[in-house]
Amino acid sequence: MALTPEQIESIAHLARLKLNETEIPAYRRSLSSILEFVGELNAAATQDVAPMAHPLPGLTQRMRPDEVAETDRRELYQANAPQVEAGLYLVPKVIE
Amino acid sequence: MSLHGKTLAELAAGLRAKEFSSVELAQTYLRRIEASQPELNAFVSVTEEQALAAARVADAALGAGKAGPLTGLPIAHKDIFCTEGVRTTCGSRMLDNFVAPYDATVVAKLKAAGTVMLGKTNMDEFAMGSSNETSYFGPVRNPWNPSLVPGGSSGGSAAAVAARLAPAATGTDTGGSIRQPAALVGITGIKPTYGRVSRYGMIAFASSLDQAGVLTASAHDAALLLGAMAGFDPRDSTSVDAPVQDYAGELEKPLTGLRIGLLKEFFDKGLDAHNEQRVREALAVYEKLGATLCEVSLPNLPLSVPAYYVVAPAECSSNLARFDGVRYGYRCENPRDLMDLYKRSRGEGFGAEVKRRIMTGTYVLSAGYYDAYYLQAQKVRQLIAQDFSNAFKQVDVLMGPTTPTTAFELGAKTSDPVTMYLNDIYTIGANLAGLPAMSVPCGFVGGLPVGLQIMGPHFAEAKLLNVAHGLQRETDWHRRIPPGYEK
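This structure is a prediction, so every number in the text was calculated from the model and none was measured.

Within chain A, the secondary structure is distributed over 3 helices and 2 strands. Each helix and strand of chain A, ordered N terminal to C terminal, gives the series α-α-α-β-β. A compact globule built from 96 residues should have a C-alpha radius of gyration of about 12 Å, whereas chain A, at 22 Å, is more than 25% larger. For chain A, the spread of C-alpha atoms along the principal axes amounts to about 55 × 50 × 25 Å. Split into buried and exposed, the 96 residues of chain A put 15% on the buried side.

Turning to the interface of chain B and chain A, a few remarks are in order. Interfaces are often described in size by the accessible area the parts lose on coming together. Between chain B and chain A, the contact holds 55 residues from the first and 39 residues from the second. Residue assignment for the side of chain B that touches chain A shows that the elements contributing at least two residues are α9 (304–319), α10 (338–349), α11 (352–365), α12 (370–391) and α13 (417–421) of chain B. The biggest single contributor to the side of chain B that touches chain A is α12 of chain B, with 11 residues. Here the side of chain B that touches chain A is composed, by residue class, of 29 nonpolar, 16 polar and 10 charged.

Attention now goes to the nonpolar core. Counting 167 residues, the largest nonpolar core has Leu118, Val161, Ala166, Ala307, Val310, Ile384 and Ile454 of chain B as the members making the most contacts within it. Not counting residues up to four positions away in its chain, the partners in contact with Ile384 of chain B are Asn300, Leu301, Leu303, Ser304, Ala307, Gly429, Leu432 and Ala433 of chain B.

Right, let's talk about helix α4 (residues 105–112) of chain B for a bit. For α4 of chain B, every residue scored as buried is listed here: Thr105, Val106, Val107 and Leu110 of chain B. The positive-phi residue at the C-terminal boundary of α4 of chain B is Gly114 of chain B, with phi of around 95°.

Looking now at helix α1 (residues 5–14) of chain A. Among all positions of α1 of chain A, only Ile8, Ile11 and Ala12 of chain A are buried. Along the axis of α1 of chain A, the buried residues cluster in a sector spanning 100°; they form a single face. Turning to α1 of chain A, the residues buried within the fold contact α2 (23–38) of chain A together with α11 of chain B. Within two residues after α1 of chain A, Arg16 of chain A carries a phi angle of roughly 55°, on the positive side.

What counts and how
Sequence order sets the numbering: in each chain, residues are counted from 1 along the sequence as written. To read the labels, note that chains go from A and ligands from 1, taken in the order they are written. Given that this is a predicted model, residues contribute local features only at a pLDDT of at least 70 and side-chain atom pairs are listed and counted only at 80 or more, while totals for whole chains, interfaces and linings are drawn from all residues. Helix numbering and strand numbering both begin at the N terminus, where a helix is a DSSP run of H or I of at least 4 residues and a strand a DSSP run of E of at least 2. C-alpha atoms define the radius of gyration in this analysis, and the globule rule sets the expected value at 2.2 Å times the number of residues to the power 0.38. Every C-beta atom is placed from the backbone, and the number of other C-beta atoms within 10 Å of a residue's own sets its class: buried at 20 or more, exposed at 12 or fewer, partly exposed in between. Contacts here follow a simple rule: the backbone-placed C-beta atoms of the two residues must lie within 7 Å. Note that Gly is not counted as nonpolar here; it falls among the polar residues with everything else outside the nonpolar set of Ala, Val, Leu, Ile, Met, Phe, Trp, Tyr, Cys and Pro and the charged set of Asp, Glu, Lys and Arg. Remark: nonpolar core denotes a set of buried Ala, Val, Leu, Ile, Met, Phe, Trp, Tyr and Cys residues whose joining runs through C-beta atoms within 7 Å. The directions considered for the arc are those from the helix axis to the C-beta atoms.

Put into C-alpha cells, the structure is as follows:
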C-alpha cells in the first residue's frame, strides 16, 4: 500500500520530527515499501495464538518496592542539558 | 608470537608470567588503533589516558598477587554503553556531546574485574543498521577489504577485534548486531539469552529484543568475558535472577552424542552456494567429533524479518521519544516554540535510518493500525518461538549460516531499506524468541570470512561455547588475521 504525502506529514508530526521538502517523497517511497513487506505477516494463521508478552516463557516484568534507591545528582545530570538556569531546564515560553 | 596475535586467554597467562605488563599491552593496542583509524574508522573515541591509568593500577594488582582472571586485559566498548565521564554517542549526532554520568552495569562489572578500556567503538546510529553505514561518525570498513562493510550494528567492535586493535570488545544484538558483523569479519560473537546480561546503561533500541554480548577471537575468550558480564542486576527489570554457569569450565566437554539440527529454512534459496559449502564442512567436523546431524524445519521462521520490522521500530519509536532536546543531547538553534524545539532537534539530531524506523514504529502503533501490524507481529513472534521450542525437543543445538553471503560493498544496499533488512534473515529469529546464539568463523570464500551460526535453548550459553570451542580445537579459522593487520 502506498502512503500519501499527507500521511507522511501526519506520521512525522506524531513522531515530533521536522522533515524537509526533499525528505517527504523519500520517506513516502521507503515507508510504503516497508509496509508492503511487513504485510506478509497477514498470511500467517494466528486466530488462536496469544500475542507474545515476554521473550522468556512464563516470565513477566519484575516489580520492586517503591523506595528511594538513588541519591540526588541533579547538577551532574544537568551538565548534559542544552540550557539550564538555577537548577531548572529552560525551554521556549509555553504559556503566553 | 606478537602480542596482538594472542587470544585474551593467552594474554592473561602472559601478564601473570610477567612476560609483559598491562601498560605495555595497552600501549601496543593504542598504537594499533591510531594506525588503523584512517582506514577502518573503528573507534569514535580513544581513551588513552584512562587506559594507561587503569593499566598501571592493574600492573600494581598483578605485582601484589591480587589480580583476577581478567586483570590488565585491554578491551573496547561499543559506544552504546554509558561510560562515566567519557563521551557516549551511540553513533548519533543526537548524543555527539553527551558525557555519560554513570557506567553501564556491563562496563562497571568489567571495570571491577580489572579490564582496561581502550576506547569506544563506532556503530550504526542507535544500533539501527546492518552495515555500519548509518553512523554519524562515518562508516566502519572491513579489515579484510576496506571497500566492503564490516556488518553492523556492532561493526566497530567487530572490525577492531578482527584487525586486533583490541583483543575483545563488547557489543549488543537486537536482530543480529553481534553475530552478523562477527561473521563478516571472521571472529567469534555471542548473543546471550534475553535477560542474561544487564541492559542498565545500555542505550535502548528495542527493549524486548536488546541483549549485550561479546566479540572475541575465540570461544574460550568469549567464555571468560561473558562470565564476568552475566548475572542478575536489580537495576534492569528484565534481568533474570538465575545463577551464571561456569562457561570456561564447560569448554572441554566432549561433543560425542551431540544432536545438531540443521535449519532447513536457512539452507533454502538465497544462501550463496560457496558459503553453504563452508558451513557444511564445519558440520562434517562435528560429525567427526561424534555429533549426529538431522534436518529440522521451523515453518514460521521465514516470517521473522517482517515480524521484526514491526516490533523493533514500534519499540524504538517509544524508546527514542526521550530525545527531546531538553534534558540532554542535541538542541536546534533558535527554536520558535516548544513544538518547534522538539521537531527540529529530533529532525536534525537523528539520521535518515533512525527517522525511518521511528516513523515506521509510530505508524504501526497508531490508532486503527495497531491490531493489523503490532498485534499480528507479536502473534507471529509467538509462533516462531513455538517452532524453536519444538525443535529443541529433538536436538541440543541448531546450526546454519550466520549470513547469506560474505561482506558486501559499501553503498550496495543503502538505496533500498528492505534489501538491507533481509541481510539479517538468519539472525533475527533468535532475538524474537529470546534465545542465545553465536557465530564462529568456519572458512573463507574469495578471501572473505564465513560464519557458522549456533543456537541453543534459553540459558544454554555454556553449551554453545562448548560446541564452538570444539570446532576451534579442530580448525584455525579463528586464528586468521586480515593480511594488512598481521604485523
